Amino acid sequence: MTVAVRVPEELSARVPAEQRGPGLDRDAVRLLVSRGTEVSHHVFAELPRLLRAGDLLVVNTSPTLAAAVDGWIGHARVVVHFSTRGDDGRWAVELREPDGKGTTRARAGGPAGVEVRLPGGVRLVLEEPLSGRGERLWWGRVSGAGVSRPETPEPGVAVLLREHGRPIRYSYTERDQPLSVYQTVFSLPTEDGTGSAEMPSAARPFTARLVAELVSRGVQFAPITLHTGVASAEVHEPPYPERFAVSETSARLINAARAGDGRVIAVGTTAVRAVESAAGDDGVVRARAGWTDLVVTPERGVRVVDGLLTGLHEPEASHLLMLEAVAGRAAVGRSYEEALRGLYLWHEFGDVHLILPEEDPHAARCSRNCG
């Protein structure tokens with residue numbers, strides 16, 4: 001059983017922090033900090049003073065794709081959300097309907113064989129549902145002149161998204177935003193044009209200045225990659241398999257932090273999923289790349305992660321189960337109560353929540369004074 005939370009509509013962050021007033025930057029969001037059931041309130045710019053030398057932040061370098069493309073089925077307009085590229089070149093996609101307000105609403109998927117016309121003479125043919133758990137996401141194959149460009153090494157769908165796509169936008173946001181708004185400071189382009197259909201948003205408040213301050217205080221960073229697929233705004237489903245990679249260098253950094261006095265803090269649930277997927281039963285992280293279907297629950301627990309920096313999102317079961325695995329159910333319930341009471345803002349442009357382990361006073365003193 002997970003924590004029951006109802007988020008009032010007025011607590012949805014409708015625009016990015018830097019657009020809410022003159023002189024503001026991405027780090028102009030609030031930061032809720034919980035250690036067990038103890039909760040304190042901060043601003044994100046205070047993060048360097050809340051961490052300590054030797055702590056390690058695991059960050060996701062996946063870039064956000066312009067994953068929404070207009071299309072037509074017969075005379076009916078649809079919006080295709082490109083979610084995940086499969087190993088066979090197909091893409092998992094979600095079809096949506098325009099809602100007349102600049103965003104979209106849910107639409108029944110399929111059936112197999114349906115052809116969607118896309119810009120530039122591109123065609124998308126739906127082949128089969130992604131899984132037996134529902135028909136929201138379908139495997140589809142893209143073809144046509146617009147994705148066959150001998151003059152460019154880019155994969156076809158990457159060209160389509162770059163030329164005709166826009167970031168996925170949900171109805172709680174105020175207006176369309178450029179793709180740059182959805183890139184984090186850690187995002188890196190990929191050779192094969194893959195990325196995340198939705199922004200790994202826990203890292204969005206970081207700025208180059210804040211990263212430099214963290215490094216100057218002895219906080220380290222371990223980059224990983226996990227390409228997140230399309231979430232559903234209406235149906236909360238378990239996460240689907242996603243492509244991830246943990247390098248040998250990052251594995252060494254994580255293991256070294258765990259062997260010392262540092263805390264391993266994942267920036268986002270995507271980082272938790274990647275790191276825990278690369279950890280053995282012995283808790284040692286090894287370089288791994290491929291697909292993960294891991295769902296982190298309190299029953300499974302976490303083997304590596306000590307803390308988590310995460311956004312405030314709708315309380316879907318899988319998200320809260322992961323938080324409970326890191327912090328415990330009582331702590332998550334208490335922090336969400338405080339977030340609601342404090343009128344924190346939700347979703348990808350909203351405020352953030354830092355979950356830290358409860359301090360052992362003796363261990364904390366020794367980390368500074370014992371020698």
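Residues numbered from 1 in each chain as written. Predicted model: local features only at pLDDT ≥ 70, side-chain atom pairs only at ≥ 80, totals over all residues. Heavy atoms only, no water.

Caption draft 1: Up close: the overall build of the protein. Per the secondary structure count, the protein includes 8 helices and 16 strands. Across the 371 residues that make up the protein, the buried fraction comes to 52%. Of the accessible surface of the protein, which amounts to about 16,100 Å², a share of 52% is contributed by carbon and sulfur atoms. (Helix = DSSP H or I, 4+ residues; strand = E, 2+ residues; numbered from the N terminus. Buried < 20%, exposed > 50% of the residue type's maximum accessible area, 1.4 Å probe, protein only. Areas by Shrake-Rupley, 256 points an atom, 1.4 Å probe, with all protein chains shown as cover.)

Caption draft 2: The pairing of strand β2 (residues 38–43), seen in detail. Relative to β2, strand β1 (residues 30–35) is paired through 6 bridges, and the arrangement is antiparallel. Note that in β2 the partner of V33 across the bridge is S40. Connecting β1 to the antiparallel partner β2 that follows it, the hairpin turn spans 2 residues, and G36 within it adopts a positive phi of roughly 65 degrees. (Pairing = 2+ DSSP bridges.)

Caption draft 3: Representation of the side chain of R90 within the structure. With respect to the element layout, R90 can be found in the loop between β5 (76–85) and β6 (91–98). A distance of 2.9 Å separates a polar atom in the side chain of R90 from a polar atom in the side chain of E127. When residues no more than four places from it in sequence are discounted, the contact partners of R90 are T84, R85, E127, E128, W139, G140 and R141. (Polar contact = N/O pair within 3.5 Å; in protein donor to acceptor, adjacent residues only side chain to side chain. Contact = heavy atoms within 4.5 Å.)

Caption draft 4: Structural context of the environment of A108. Summarising the element assignment, A108 is placed in the loop between β7 (104–106) and β8 (115–118). For A108, a relative accessible area of 59% puts it in the exposed group. Through-space distance from the C-alpha of A108 to that of R136 is 6.7 Å; in sequence the pair is 28 residues apart.

Caption draft 5: Structural context of the pairing of β5. For β5, the tally of buried residues reaches 7 of 10 residues, placing the bulk of the element in the interior. Looking at chain direction, strand β4 (residues 68–73) and β5 are connected through 6 bridges and run antiparallel. By the bridge assignment, I73 is partnered in β5 with A76. Linking two consecutive strands that pair antiparallel, namely β4 and β5, is a turn of 2 residues; a positive phi of about 65 degrees is found at G74 within it. Sheet analysis places β5 next to β6, joined by 6 bridges and oriented antiparallel.

Caption draft 6: Geometry of the nonpolar core. One finds V58, V246, I254, V285 and W346 to be the most contacted residues of the largest nonpolar core, which totals 39 residues. Put simply, the parts of the chain that give this core at least two residues each are β3 (56–60), β11 (220–226), β12 (242–246), α4 (248–259), β13 (264–267), α5 (269–277), α6 (317–327) and α7 (329–341). If we ignore the near neighbours within four places in the chain, the residues touching V285 are V246, A251, I254, N255, V275, A278, A279 and V304. F82, V114, L124 and V157 belong to the second largest nonpolar core, which has 27 residues in total. (Core = buried A, V, L, I, M, F, W, Y, C linked by side-chain atoms within 4.5 Å.)

Caption draft 7: Quick peek at the sheet that holds β2. With respect to topology, 9 strands assemble into an open sheet ordered β2-β1-β16-β15-β13-β3-β11-β12-β14, the strand pairing being mixed. The open sheet terminates on both sides in strands that have one partner only, identified here as β2 and β14 (288–292). Going across the sheet, the axis of each strand differs from the next one's by a mean of 20 degrees, ignoring polarity. Along the sheet, α4 makes contact with β3, β11, β12 and β13, crossing β11 at roughly 130 degrees. (Axes fitted to C-alpha atoms, helices over the stretch in contact; angles between N-to-C directions.)

Caption draft 8: Structural view of the packing of aromatic side chains. Counting across every chain of the model gives 7 aromatic pairs. Aromatic pair F82 and W91: ring centres 5.8 Å apart, planes at 80 degrees, arrangement edge-to-face. Its relative accessible area of 0% is what places F82 among the buried residues. Measuring from ring centre to ring centre gives 5.3 Å for F186 and F206, while their planes differ by 65 degrees; the resulting arrangement is edge-to-face. With F186 in the loop between α2 (156–164) and α3 (208–216) and F206 in the loop between α2 and α3, this pair connects stretches of sequence that are 20 residues apart. F206 gets classed as buried once you look at its relative accessible area, which sits at 1%. Members of the aromatic cluster, connected to one another through ring pairs, are F44, F186, F206 and F221. Positioned over the ring face of Y344 is R30, at 3.8 Å from the centre of the ring. (Phe/Tyr/Trp six-rings, centres within 6.5 Å; stacked < 30°, edge-to-face > 60°. Lys NZ or Arg CZ within 6 Å of the ring centre and 35° of its normal.)

Caption draft 9: Inspection of the pattern of salt bridges at higher detail. By the definition in use, this model includes 26 salt bridges. We note a salt bridge from R204 to E18, for which the minimum N-O separation is 2.6 Å. Highlighted residues: R204 in the loop between α2 and α3 and E18 in the segment before β1, separated in sequence by 186 residues. A relative accessible area of 4% places R204 in the buried class. Beyond isolated ion pairs, a larger network of salt bridges with shared partners links D88, R90, E127, E128 and R141. (Salt bridge = Lys/Arg side-chain N within 4 Å of Asp/Glu carboxyl O.)

Remember that the coordinates give geometry; whether it matters functionally is a separate question.
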